[in-house]
Amino acid sequence: MASQETIKRGTWGSKIAFILAAAGSAIGLGNIWRFPTMVSQNGGAVFVLVYILAVVLIGFTVMLTELTLGRHTQKNPVGAIGYIKPRTPWKIIGYLGVITGVCILSFYSVVAGWAVGYMVKTATGAFRGEVTSQLTDKIFTEFTSNPLQVLVLLFIIIGLTAFIISKGVKGGIERWTKVLMPLLFVLIIFLAIKALTLPGAEKGIAFYLKPDFSKLNGTVILFALGQAFFSLSLGMGTMITYGSYISKSDNLVSSAGWVTFSDTIIALLAGLIIFPTLAFSGQPGNIGGFGLVFKIFPIILSQIPGGYIFGILFFALLSVAALTSTISLLEVPVAYLVDERNWSRKKAALAVGLFSFVLGIPSALSFEGMKIFTKMDFLGKLNFIFGNISLAVGALLICVFVGYVWGAKKAIQEIFSGNPKFKLRPLWVFSLKFLSPIAVIFILIFIKKITG
Ligand code: TRP
């Protein structure tokens with residue numbers, strides 16, 4: 001039966017529904033587009049190794065921390081901090097999250113629009129016949145240098161996101177993820193198996209899985225850490241907001257574990273598709289830029305029987321996976337405006353959506369052809385500042401706030417509800433109070449050296 005709380009906020013239908021929705025937030029372009037791009041630009045396998053370490057040692061900790069804070073306070077990030085410590089400067093965590101959400105949403109939706117565009121392209125036969133890397137290069141360049149097209153697609157993605165968000169949490173998010181995420185998973189496994197059997201795949205596998213430690217440096221660590229936060233939807237309060245909908249009887253530790261695990265598996269599988277196929281097409285591992293996966297997936301799809309149908313299906317599922325992530329990005333600013341500023345959900349979704357669309361325009365136009373934004377590498381800059389730095393700062397502040405201001409002891413009490421043993425407690429406390437904050441501070445201090 002619905003309790004008072006259920007009526008006021010809405011809760012997840014069940015634990016599995018929560019895991020699917022949170023996994024829906026985590027799994028998206030971050031895994032299938034951003035991860036392979038990062039691997040390709042940051043030394044291959046050595047990046048993968050640091051990434052996995054970052055996920056296990058830091059990502060999981062921050063995931064559990066955000067979920068715990070959210071469930072305890074039942075609030076959006078700004079409200080959550082204020083609930084624990086009224087009138088405190090720590091609220092900056094929440095505001096930073098709101099701003100970061102809007103900024104990531106703006107460029108993320110551009111790429112999500114590409115996925116929709118590629119679904120249509122596949123359906124209309126752009127990748128029929130022999131699909132070479134020259135062909136996919138040309139198609140990508142033409143596609144991204146058509147301003148009207150990319151802007152319409154951007155508008156569609158943000159419009160859909162705002163529409164779903166304005167309908168509220170349960171009807172909106174749950175319905176999408178239940179069937180489609182597992183389907184995406186199956187398709188990706190299938191494509192990975194095919195990619196591994198392509199002639200020449202070994203070279204790609206070596207680039208992807210055999211670390212060359214001479215390539216290890218501060219940049220690699222910074223990007224791997226940033227990618228862990230980005231892919232797991234951490235550091236801006238998304239998981240605080242999602243946690244606020246979890247029932248008190250659910251086990252937060254295993255929920256965090258499942259979301260982290262499934263997200264990481266999907267990213268690793270995406271790499272297993274991209275790099276062997278790249279090698280098969282005769283190109284080195286470190287090329288492609290932001291277009292990498294859009295240039296490579298059509299090649300692997302053309303290698304399987306029924307590739308035409310699977311191609312449409314793949315880009316459709318990728319679009320949905322992206323949409324379940326854009327929903328979670330928009331949810332943070334909207335939950336803030338609804339809970340803290342008393343806006344209606346509809347008005348908040350519309351206003352923030354419109355703002356992100358406008359902010360997304362220069363990113364959408366920052367590819368071949370539109371020189372002003374190309375020169376600035378607008379999308380690349382937003383991706384770096386908000387997708388890496390801002391999330392890392394957010395994660396750091398969340399760890400310090402929960403570890404020291406609220407206090408790990410009180411957080412543990414919250415985790416006990418639904419998990420009375422909490423065996424991982426010492427490890428989590430160590431990572432929360434020492435390892436994670438120190439790792440992030442270390443990376444942020446070295447950032448000047450890295451970027452300058
Ligand atoms: N994690 C998502 C992806 O990998 C993107 C995303 C959704 C996100 N919500 C977020 C990233 C919050 C950072 C913070 O595609």
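All figures in this text were calculated on a predicted structure; none of them were measured in a lab.

K.L.:
Would you mind going over the confidence of the model for the protein with me for this structure?
P.N.:
Note: predicted coordinates in regions of low pLDDT should not be interpreted at a detailed level. Residues of the protein with pLDDT of at least 70 account for 93%, and the chain-wide mean is 92. Segment residues 1–8: pLDDT under 50, and 4 contacts once partners within four positions in sequence are set aside and those in other chains are kept.

K.L.:
Got a minute to help me understand the packing of helix α16 (residues 345–364) against helix α18 (residues 378–416) in this structure?
P.N.:
Helix-helix packing is described using two parameters, namely the angle between the two axes and the distance between the axes. One way to put it is that α16 packs onto α18 with a least axis distance of 7 Å and a crossing angle of 120°. Accordingly, the angle class assigned to the pair α16 and α18 is oblique. Counting all contacts with α16, which are made through Leu359, Pro362 and Ser363, the residues of α18 involved are Phe378, Leu379 and Leu382. Looking at the contact of α16 with α18 residue by residue, the class counts come to 5 nonpolar, 1 polar and no charged.

K.L.:
In this structure, what is going on with helix α19 (residues 425–445)? I would like to understand it.
P.N.:
What sets the pattern is the α-helix's 3.6 residues per turn: residues three or four places apart point alike. The terminal C-alpha atoms of α19, which comprises 21 residues, lie 29 Å apart, in line with the 30 Å expected from a rise of 1.5 Å per residue. A maximum bend of about 50° is found in α19 at Ser431. By the burial criterion, the buried members of α19 are Trp428, Ser431, Leu432, Ser436, Pro437, Val440 and Ile443.

K.L.:
Just to check I follow, could you spell out the site of the ligand for this structure?
P.N.:
The local shell around the ligand holds 16 residues, among which Ala26, Gly30, Tyr108, Phe230 and Ser233 are the closest. Here an oxygen atom of the ligand and a backbone polar atom of Leu29 are 3.2 Å apart. Taking Ser328, its side chain carries an N or O atom lying 3.0 Å from a nitrogen atom of the ligand. Its free accessible area being 360 Å², the ligand has 100% of it covered by the protein chains. Put simply, the parts of the chain that give the shell around the ligand at least two residues each are α2 (15–26), α3 (29–41), α11 (218–231) and α15 (307–341).

K.L.:
Got a minute to help me understand the packing of aromatic side chains in this structure?
P.N.:
Remark: the centre distance and the inter-plane angle together describe each pair of aromatic rings, the angle taken between the planes. With the rule as written, the count across this model stands at 29 aromatic pairs. Ring centres of Phe207 and Phe275 lie 5.4 Å apart, and the angle between their planes is 40°; on these two criteria the pair is classed as tilted. Of the two residues, Phe207 is situated in helix α10 (residues 201–209) and Phe275 in helix α13 (residues 252–280); the sequence distance between them amounts to 68 residues. With centroids separated by 4.8 Å and ring planes inclined at 45°, the aromatic side chains of Phe442 and Phe446 adopt a geometry described as tilted. Chaining the aromatic ring pairs together yields one cluster made of Trp33, Trp114, Tyr118, Phe127, Phe140, Phe143, Phe290, Phe294, Phe297, Phe314, Phe315 and Phe367. The side chain of Arg128 reaches across the aromatic face of Tyr308, ending 4.3 Å from its centre. Sitting over the face of the ring of Trp343, Lys347 holds its NZ or CZ atom 4.3 Å from the ring centroid.

K.L.:
Got a minute to help me understand the nonpolar core in this structure?
P.N.:
Most often, soluble globular proteins have nonpolar side chains that are buried together. Trp114, Phe229, Phe294 and Phe297 are the most contacted members of the largest nonpolar core, which totals 152 residues. Ranked by residue count, the leading element in this core is α18, at 19 residues. Sequence-distant contacts of Trp114, defined by excluding residues within four places in its chain, comprise Trp33, Phe140, Phe143, Thr144, Val150, Phe290, Phe294 and Phe367.

K.L.:
Would you take a moment to explain the pattern of salt bridges for this structure?
P.N.:
Where side chains of opposite charge bring their charged atoms close, a pairing between them can arise. Tallying each qualifying case throughout the model produces 6 salt bridges. When the shortest N-O distance is used, the salt bridge between Lys215 and Asp212 registers 3.6 Å. Taking relative accessible area as the criterion, Lys215 reaches 38% and is therefore assigned partly exposed. A salt bridge links Arg345 to Glu331, with the shortest nitrogen-to-oxygen separation between them at 2.7 Å. Of the two residues, Arg345 is situated in helix α16 and Glu331 in helix α15; the sequence distance between them amounts to 14 residues. On the accessibility criterion, Glu331 (1% relative accessible area) is buried. Each of Arg71, Lys248 and Glu414 takes part in a single network of salt bridges with overlapping partners.

K.L.:
In this structure, what is going on with the environment of Ser214? I would like to understand it.
P.N.:
Along the chain, Ser214 falls in the loop between α10 and α11. Of the residues examined, Ser214 reaches a relative accessible area of 64% and is grouped as exposed. Spatially, the C-alpha atoms of Ser214 and Gln149 are 42 Å apart, while their sequence positions differ by 65 residues. At 2.7 Å, the side chain of Ser214 and the side chain of Asp212 are in polar contact.

K.L.:
Help me understand α18, please; the structure alone is not making it clear to me.
P.N.:
Here α18 is 39 residues long, yet its end C-alpha atoms lie only 45 Å apart, well below the 57 Å a rise of 1.5 Å per residue gives. Of all 39 residues in α18, 28 are buried, a share of seventy percent or more. Positioned one or two residues after α18, Gly418 has a phi angle of 100°, which is positive.

K.L.:
Explain the packing of α15 against α16 here, please?
P.N.:
It is the contact of α15 with α16, at a shortest axis distance of 9 Å, that shows an interaxial angle of 135°. Viewed along their axes, α15 and α16 adopt a mutual orientation that is oblique. When you trace α15 past α16, the crossing you get is right-handed. Residues Leu330, Glu331, Pro333, Val334, Leu337 and Val338 of α15 lie in contact with α16, whose contacting residues are Arg345, Ala348, Ala349, Val352 and Gly353. Along the lines of polarity and charge, the residues of the contact of α15 with α16 split into 8 nonpolar, 1 polar and 2 charged.

K.L.:
Even after reading the chapter, I still don't get unusual backbone geometry, so can you show me in this structure?
P.N.:
Apart from glycine, the bulk of residues carry a negative phi angle, and the bulk of peptide bonds sit in the trans form. Although it is not a glycine, Gln74 adopts a positive phi angle of roughly 55°. A relative accessible area of 12% means that Gln74 is categorised as buried. Backbone geometry places Asn342, a non-glycine residue, at a positive phi of 60°. With respect to the element layout, Asn342 can be found in the loop between α15 and α16. Assessed through its relative accessible area of 69%, Asn342 is described here as exposed.

Here is what the cut-offs are and how they apply
Residues numbered from 1 in each chain as written. Predicted model: local features only at pLDDT ≥ 70, side-chain atom pairs only at ≥ 80, totals over all residues. Heavy atoms only, no water. pLDDT = per-residue confidence, 0-100. Contact = heavy atoms within 4.5 Å. Axes fitted to C-alpha atoms, helices over the stretch in contact; angles between N-to-C directions. Helix = DSSP H or I, 4+ residues; strand = E, 2+ residues; numbered from the N terminus. Parallel < 35°, antiparallel > 145°, perpendicular 65-115°, else oblique. Nonpolar A, V, L, I, M, F, W, Y, C, P; charged D, E, K, R; others polar. Expected span 1.5 Å × (residues − 1). Bend = angle between axes of the 7 residues up to and from the residue. Buried < 20%, exposed > 50% of the residue type's maximum accessible area, 1.4 Å probe, protein only. Near = heavy atom within 4 Å. Polar contact = N/O pair within 3.5 Å; in protein donor to acceptor, adjacent residues only side chain to side chain. Areas by Shrake-Rupley, 256 points an atom, 1.4 Å probe, with all protein chains shown as cover. Phe/Tyr/Trp six-rings, centres within 6.5 Å; stacked < 30°, edge-to-face > 60°. Lys NZ or Arg CZ within 6 Å of the ring centre and 35° of its normal. Core = buried A, V, L, I, M, F, W, Y, C linked by side-chain atoms within 4.5 Å. Salt bridge = Lys/Arg side-chain N within 4 Å of Asp/Glu carboxyl O. Left-handed = near helix turned anticlockwise from the far one by under 90°.

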